[in-house]
Amino acid sequence: MFIGEFRHNLDSKKRVIIPAKFREELGETFIVTRGLDGCLTVYTMEQWELLLEQLKKLPSTKKESRLYVRSITSKATECECDTQGRIQLPSYLISEAAINKECVIVGVADHVEIWSQQRWEGYQEESESFEDVAEQLTDFLL
């Protein structure tokens, strides 16, 4: 399970450190792609395969389905950590997430997210209060 929040910088070669706590669980090779809410999402190969199976269930006759599948798969890239625990992010993903230098790497239970620090802080400021969200979702947890 991925938990925690870590801050790292994108270096001049477009590399970011994946926290040691996440590297072992991610495995040797993993997928980074466009995420929701303006972040990048990192999946283990197992989680990526499960996601692809779910995407295949979407009706290809629906324009929204095609857009969603294309948006996730066309932006996906396979990554491996170097000996110092860094991955190189393609320019298109850096642009997608508006990452300039400072990043926040967040564990989200079954996946990891990479945020620009500015977007992460803005997202947290704009989000409803934790208590309000918890109250709205209580029925789903019972």
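J.: I would appreciate a short explanation of the sheet that holds strand E1 (residues 5-9) in the present structure.
T.: Strand pairing within a sheet occurs via backbone hydrogen bonds; the two strands may be parallel or antiparallel. Strands sit in the order E1-E7-E8-E4-E3-E5 across an open sheet of 6 strands; the sheet is antiparallel. Two strands bound the open sheet, and with one partner strand each, they are E1 and strand E5 (77-79). Strand-to-strand twist across the sheet, computed as the mean angle between neighbouring axes with direction ignored, equals 25 degrees. By the bridge criterion, 6 bridges tie strand E7 (residues 102-108) to strand E8 (residues 111-116) in an arrangement that is antiparallel. Counted as the bridge partner of Ile 105 is Ile 114 from E8. Sheet strands touched by helix H2 (residues 45-56): strand E3 (30-34), strand E4 (40-44) and E5. Its angle to E4, the strand with the most contacts, is close to 105 degrees.

J.: I'm lost on the pattern of salt bridges in this one. Help?
T.: Pairing between side chains becomes possible if they bear opposite charge and their charged atoms approach one another. Counted under the stated rule, the structure contains 7 salt bridges. We note a salt bridge from Glu 53 to Lys 56, for which the minimum N-O separation is 3.3 Å. Of this pair, Glu 53 and Lys 56 both sit in helix H2, separated by 3 residues, roughly a single helical turn. Under the relative-accessibility criterion, Glu 53 is labelled partly exposed at 40%.

J.: It is not clear to me how a negative patch on the surface should be interpreted in this structure. Could you clarify?
T.: A cluster of like negative charges, contributed by Glu 128, Glu 131, Asp 132 and Glu 135, occupies part of the molecular surface. Position of Asp 132 among the secondary structure elements: in helix H6 (residues 130-141). Since its relative accessible area comes to 40%, Asp 132 is described here as partly exposed.

Conventions and cut-offs
- Residues numbered from 1 in each chain as written.
- Predicted model: local features only at pLDDT ≥ 70, side-chain atom pairs only at ≥ 80, totals over all residues.
- Heavy atoms only, no water.
- Pairing = 2+ DSSP bridges.
- Helix = DSSP H or I, 4+ residues; strand = E, 2+ residues; numbered from the N terminus.
- Axes fitted to C-alpha atoms, helices over the stretch in contact; angles between N-to-C directions.
- Contact = heavy atoms within 4.5 Å.
- Salt bridge = Lys/Arg side-chain N within 4 Å of Asp/Glu carboxyl O.
- Buried < 20%, exposed > 50% of the residue type's maximum accessible area, 1.4 Å probe, protein only.
- Patch = residues over 30% accessible without salt bridge, like charges linked within 9 Å, V, L, I, M, F, W, Y side chains within 5 Å.
- Areas by Shrake-Rupley, 256 points an atom, 1.4 Å probe, with all protein chains shown as cover.
- Lys, Arg positive; Asp, Glu negative; His and termini not counted.
- Charge placed at Lys NZ, Arg CZ, Asp CG, Glu CD.

Note that all results are geometric; they support no functional claim without further evidence.
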